[in-house]
Amino acid sequence: MKEFALIGAAGYIAPRHLKAIKNTGNNLLAAYDPFDSVGIMDSYFPEADFFVEFERFDRHIDKQKRKDHPIDFVSVCSPNYLHDSHIRFGLRNNADVICEKPIVLNPWNIDALEEIERESGKHIFSILQLRLHQAIIALKEKVMNGPENKIYDVDLTYLTSRGHWYYTSWKGDISKSGGIATNIGVHFYDMLTWIFGPVISNTVNVHTHDRAAGYLELEKARVRWFLSISYDTIPDEIKAQGKRTYRSIQIGGDELEFSDGFTDLHTDSYKAILSGNGFRIGETKQAIQIVHDIRHATPIGLKGEYHPFAKIPASTHPFS
């Protein structure tokens, strides 16, 4: 049984990590979050110590280490811009680290962390759960076993409506979240490059507070992509069903069905990490480079290849 510490216990993604720690037969020793809405811990680790001040959390972890009760892993579920610092905390405490995506905001942060990783002798792992989805694995095998020179046409659409709260939270601050493409799209870019190979070109057509669209040319695919947190971009037929989210990946005009099979992917990720087969930090660099380049690109507008949803009129920022 491994001992875990968790940073970001009040966040949206934390319950999946709590469940994964529990389901893999391990223990949560302590958790930290500046917000105290963490009643979910009762469902998994009611005996875990909880802190709302990082200094006291740090002190507690150090005391446990000196009592010969050290942590083995730190799970990082904090806001994107804090991942780098919290990963370093784990390595300094002689623990391996499991970090949510995006693992960092800039590609050079990965280089620095890999250096500290080598110095510490510990490992940094990322949650890249789409790589464990059976439909995605099957698609990768199909591409690998298909015609060597075939180039696939891919349309990626991911719309996940967010309310006005989003812009007040850290997620609405591009310096903290990395913006739309980083916050809700980074795992899709990882999946696409994992399947279709490295980036040849990266063009951004639209990039505003609530949407982004562009064109990625990969070694084996031409990808038109559109991401949005605006309800206005949801197709009418999806709205009629009372839904606020729409996800679609079309390859050569055929829909890739991967709506199901997400329930236990974090647990599967933990199982792989604990067995020595997790995804190391270096494997995240290509997707981090993509979102970094999107964030700093100048949008060219509706020119060249672009996703049809890019034509949807822009919505007004709620606080403009």
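Remember, it's a predicted structure, so these values are computed and weren't measured experimentally.

The next point concerns the environment of Asn109. Inspection of the secondary structure puts Asn109 in helix α4 (residues 107-120). On the basis of relative accessible area, Asn109 is assigned to the buried category, the value being 16%. For the pair Asn109 and Asp84, spaced 25 residues apart in the sequence, the C-alpha separation amounts to 7.3 Å.

Let's shift gears to the UniProt feature "domain: Gfo/Idh/MocA-like oxidoreductase C-terminal" (unreviewed entry) in the chain. Here the UniProt feature "domain: Gfo/Idh/MocA-like oxidoreductase C-terminal" (unreviewed entry) sits at residues 151-231. This span, residues 151-231, is 31% helix and 42% strand, and a straight line between its end C-alpha atoms measures 33 Å.

Let us now look at the sheet that holds strand β5 (residues 96-99). Read across the open sheet, the 7 strands follow the order β3-β2-β1-β4-β5-β6-β13; overall the sheet is mixed. Looking at which strands have only one partner, the edges of the open sheet turn out to be β3 (49-51) and β13 (279-280). Note: strand β4 (residues 73-76) against β5, 4 bridges, orientation parallel. Across the sheet, residue Val74 finds its bridge partner in β5, namely Val97.

Below, the discussion takes up the packing of helix α2 (residues 54-66) against helix α3 (residues 83-92). At a minimum axis distance of 11 Å, the contact between α2 and α3 shows a crossing angle of 20 degrees. Of the possible angle classes, the one that applies to α2 and α3 is roughly parallel. Relative to α3, the crossing made by α2 is right-handed. Residues Phe54, Phe57, Asp58, Ile61 and Lys65 of α2 pack against His86, Phe89 and Arg92 of α3. Here the contact of α2 with α3 is built from residues that sort into 4 nonpolar, 1 polar and 3 charged.

A few words now on the pattern of salt bridges. When the charged atoms of two side chains with opposite charge come close together, those side chains can pair. Scanning the entire structure with this criterion turns up 12 salt bridges. Measuring nitrogen to oxygen at the nearest pair gives 2.5 Å for the salt bridge that ties Arg88 to Asp84. Of the two residues, Arg88 and Asp84 both sit in helix α3, 4 residues apart, roughly one turn of that helix. Residue Asp84 is classed as buried on the basis of its relative accessible area of 15%. Here Asp210 and Arg211 are joined by a salt bridge, their closest N and O atoms 2.9 Å apart. With a relative accessible area of 1%, Asp210 lands in the buried category. For Arg211, a relative accessible area of 2% gives the class buried. Here the salt bridges do not stand alone but share partners, grouping Arg131, Asp190 and Glu283 into one network.

The subject of this paragraph is the sheet that holds strand β11 (residues 245-251). Within the open sheet, the 6 strands sit side by side as β8-β9-β10-β7-β11-β12. Their pairing is mixed. Strands at the two margins of the open sheet, each flanked by one partner only, are β8 (199-207) and β12 (254-255). Looking at chain direction, strand β7 (residues 152-160) and β11 are connected through 7 bridges and run antiparallel. Within β11, the position partnered with Val154 by the bridge is Ile251. Of the strands in this sheet, β7, β8, β9 (211-218), β10 (221-228) and β11 are in contact with helix α8 (residues 180-196), which crosses β10 at around 160 degrees.

This paragraph deals with the environment of Ile184. Counting through the fold element by element, Ile184 comes out in helix α8. Along the chain, Ile184 and Ser228 lie 44 residues apart, while their C-alpha atoms are 8.5 Å from each other. Ignoring anything within four residues of it in the chain, the contact list for Ile184 reads Tyr158, Thr160, Leu227, Ser228 and Ile229.

With respect to the element layout, His17 can be found in helix α1 (residues 14-23). A relative accessible area of 0% places His17 in the buried class. Beyond its immediate sequence surroundings of up to four residues, His17 is in contact with Leu6, Ser75, Cys77, Ile98, Glu100, Ile127, His266 and Tyr270.

Another point: the nonpolar core. If you look at the biggest cluster of nonpolar residues, it comprises 62 residues, and the most contacted ones within it are Phe57, Ile103, Val154, Tyr189, Phe196, Trp225 and Ile249. In terms of residue count, the dominant contributor to this core is α8 (10 residues). In this structure, this core is formed jointly by two domains, domain 1 (3-126) and domain 2 (130-262 + 281-311), each of which donates at least three residues. The residues contacting Ile249, other than those within four sequence positions of it, are Val154, Asp155, Leu156, Phe188, Met191, Asp254, Glu255, Leu256 and Phe258. If you look at the next biggest cluster of nonpolar residues, it comprises 22 residues, including Ile21, Ala31, Tyr44 and Cys77.

Criteria and thresholds
Residues numbered from 1 in each chain as written. Predicted model: local features only at pLDDT ≥ 70, side-chain atom pairs only at ≥ 80, totals over all residues. Heavy atoms only, no water. Helix = DSSP H or I, 4+ residues; strand = E, 2+ residues; numbered from the N terminus. Buried < 20%, exposed > 50% of the residue type's maximum accessible area, 1.4 Å probe, protein only. UniProt positions renumbered as here; feature names shortened; annotations may be inferred. Pairing = 2+ DSSP bridges. Axes fitted to C-alpha atoms, helices over the stretch in contact; angles between N-to-C directions. Parallel < 35°, antiparallel > 145°, perpendicular 65-115°, else oblique. Left-handed = near helix turned anticlockwise from the far one by under 90°. Contact = heavy atoms within 4.5 Å. Nonpolar A, V, L, I, M, F, W, Y, C, P; charged D, E, K, R; others polar. Salt bridge = Lys/Arg side-chain N within 4 Å of Asp/Glu carboxyl O. Core = buried A, V, L, I, M, F, W, Y, C linked by side-chain atoms within 4.5 Å. Domains from an automatic or database assignment.

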